[in-house]
Amino acid sequence: MAGHSVTFTHALCRAPSRSVTDGLRAEDRGAPDADLFAAEHAAYVAALRKTGAEVTVLPPREDFPDSVFIEDPALCLNGVAIMLRPEAQSRRGEAAMLRPDLIRLFPEVRDLAGDGFVDGGDILCSDTEVMVGLSARTDAAGVAALRPIVEDLGYRLRMVETPPEILHFKTESSLLDPDTILASPRLAATGCFDGYKVIETAPGEEGAANAIRFNAPVFLSNGFSQTADRLDAAGYEIWPMPTTQAALLDGGLSCMSLRYSPLSGV
Ligand code: CIR
């Protein structure tokens, strides 16, 4: 069953900067190649558009090497943009930098009170529930500030734990349809998806879980053939995508867009 948590009329992206080579990474496996990153990003934007969505691509920002990962400084929920507060030092200015664009694109922009931290990569939304994973980037104070905004927009907020070895909650999970989650076995084992149907990634393919269901297709990073088979067997239409350069910076498919429908209702 498709629902408004997987159908979108719009997406907002930001082109990668040349400075993306300085992006944050937990483990240095070499800097990404800026040209190849741009090519992979262009393929991603083209695929979003191919589903019928209107995609706005903001210009690159050299002063923010990780700003291509536009999912982290904001959350779009029920037609409203919510400014978040990324924790990483080099990303702290990203929300303020993005805010004028969101004011231009959304009828309403809300701000997080207090000084807690929340990264969009830790937020997974279904039709009725917003799951927020505590992580190295998202703290309880940030979640407490987000809760009244989310509840006011008609959603339930549930705070869950992200295992310490996982950067963001959605690094290893994604929504396939309003009742079904794709997750790595280690994240699913925490029990946070109880009540949902869970499809686990195949052994050694944890990175496949940072997928996005965007309208009809599920975008899945290249190289995860066993997980692709599982999704295919479950009836999902898979669109394989190259994400080799984002992966060098611990990023993936969800991180590179804000997905929304201006007039969606709960
Ligand atoms: C960072 O460490 O913040 C970036 N290099 C990667 C952010 C990935 N974003 C995401 O999972 N939502």
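Coordinates for the structure precede this section.
This write-up is about the structure you can find in this document. Predicted, not measured: the structure shown is a model, and the values here were computed from it.

Quick notes on the rules
Residues numbered from 1 in each chain as written. Predicted model: local features only at pLDDT ≥ 70, side-chain atom pairs only at ≥ 80, totals over all residues. Heavy atoms only, no water. Salt bridge = Lys/Arg side-chain N within 4 Å of Asp/Glu carboxyl O. Helix = DSSP H or I, 4+ residues; strand = E, 2+ residues; numbered from the N terminus. Buried < 20%, exposed > 50% of the residue type's maximum accessible area, 1.4 Å probe, protein only. Phe/Tyr/Trp six-rings, centres within 6.5 Å; stacked < 30°, edge-to-face > 60°. Lys NZ or Arg CZ within 6 Å of the ring centre and 35° of its normal.

1. So, the pattern of salt bridges
So, step 1. Scanning the model with the defined rule gives 19 salt bridges in all.
So, step 2. Arg 147 is the salt-bridge partner of Glu 151, the closest N and O atoms lying 3.7 Å from each other. Taken together, the positions of Glu 151 and Arg 147, both in helix H3 (residues 140–152) and 4 residues apart, correspond to about one turn of that helix.
So, step 3. Relative accessible area serves as the criterion here: at 30%, Arg 147 is assigned to the partly exposed category.
So, step 4. Beyond isolated ion pairs, a larger network of salt bridges with shared partners links Glu 71, Lys 170 and Arg 259.

2. Topic: the packing of aromatic side chains
So, step 1. Scanning all chains against the criterion turns up 7 aromatic pairs.
So, step 2. Summarising the aromatic geometry, the rings of Phe 8 and Phe 214 are spaced 5.4 Å apart at their centres and angled 10 degrees between planes, so their arrangement reads as stacked. Taken together, the residues Phe 8 in the segment before strand E1 (10–14) and Phe 214 in the loop between strand E12 (212–213) and strand E13 (217–221) connect sequence positions 206 residues apart.
So, step 3. In this structure Phe 214 comes out as buried when scored by relative accessible area, which is 0%.
So, step 4. An angle of 65 degrees between the planes, with centres 6.3 Å apart, marks the rings of Phe 214 and Phe 219 as edge-to-face.
So, step 5. On the basis of relative accessible area, Phe 219 is assigned to the buried category, the value being 0%.
So, step 6. A connected cluster of aromatic rings, assembled from ring pairs, spans Phe 8, Tyr 44, Phe 214, Phe 219 and Trp 239.
So, step 7. Over the aromatic face of Trp 239 sits the side chain of Lys 50, whose NZ or CZ is 5.2 Å from the ring centroid.

Just distances and angles here, no functional claims.
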